[in-house]
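Chain and residue survey
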Amino acid sequence: MGGVQQYQDGDWMVRSIFGGAATKTYRCPGCMQEIRPGVAHIVAWPADDRGDESDRRHWHTGCWRARDRRAPSVERSRNAPRYG
């Protein structure tokens, strides 16, 4: 899978990374969990002039497919209130 994909928030360049080519650890913005070396995943970045190489993000394949159905994830510090 690769090329331009259209979503509600615009067009994205998407590339599949196969397990053998995944040599670093990344943090998935969909679930905030690590993508470990050897795990196949997706790399996506804006297809228009909104971004550059620094805007590339590595996603678990399932998280990328489900991103339109999920609420944005919010990272909270340990001391942040849970509700409100």
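Now for a quick tour of the structure. (Residues numbered from 1 in each chain as written. Predicted model: local features only at pLDDT ≥ 70, side-chain atom pairs only at ≥ 80, totals over all residues. Heavy atoms only, no water.)

**Considering the state of the cysteines**
- By the definition in use, this model includes zero disulfides.
- The structure places no disulfide on Cys31, whose sulfur is separated from the nearest cysteine sulfur, that of Cys63, by 3.8 Å.
- Overall, Cys31 belongs to the partly exposed group, its relative accessible area being 24%.
- Left unpaired, Cys63 is separated from the closest cysteine sulfur, that of Cys28, by 3.8 Å. (Disulfide = S-S within 2.5 Å. Buried < 20%, exposed > 50% of the residue type's maximum accessible area, 1.4 Å probe, protein only.)

**Considering the side chain of His58**
- Within the secondary structure layout, His58 lies in strand E6 (residues 57-59).
- There is a polar contact of 2.9 Å between the side chain of His58 and the side chain of His41.
- Apart from the residues lying within four places of it in its own chain, the contact partners of His58 are Tyr26, Arg27, Cys28, Pro29, Ile35, His41, Ile42 and Val43. (Helix = DSSP H or I, 4+ residues; strand = E, 2+ residues; numbered from the N terminus. Polar contact = N/O pair within 3.5 Å; in protein donor to acceptor, adjacent residues only side chain to side chain. Contact = heavy atoms within 4.5 Å.)

**Examining the pairing of strand E1 (residues 2-7)**
- When E1 meets strand E2 (residues 10-17), the two strands line up antiparallel, connected through six bridges. When the bridges of E2 are listed, Gln6 appears paired with Asp11. (Pairing = 2+ DSSP bridges.)

**Let's talk about the sheet that holds strand E5 (residues 41-46)**
- In spatial order, the strands read E1-E2-E5-E6; together these four strands make up an open sheet with antiparallel pairing. Strands with a single pairing partner mark the edges of an open sheet, and in this sheet they are E1 and E6. Here the strands of the sheet are splayed against their neighbours by 35° on average, with no regard to which way each runs. (Axes fitted to C-alpha atoms, helices over the stretch in contact; angles between N-to-C directions.)

**Digging into the nonpolar core**
- In this structure, Trp12, Val14, Cys28, Ile35, Ile42, Ala44, Trp59, Cys63 and Trp64 together form the largest nonpolar core, which totals nine residues.
- Elements that contribute at least two residues to this core include exactly E2, E5 and helix H1 (61-66).
- Those residues within four positions of Trp59 in sequence are excluded, and the remaining contacts are Cys28, Pro29, Gly30, Ile35, His41, Ile42, Ala44, Trp64 and Arg67. (Core = buried A, V, L, I, M, F, W, Y, C linked by side-chain atoms within 4.5 Å.)

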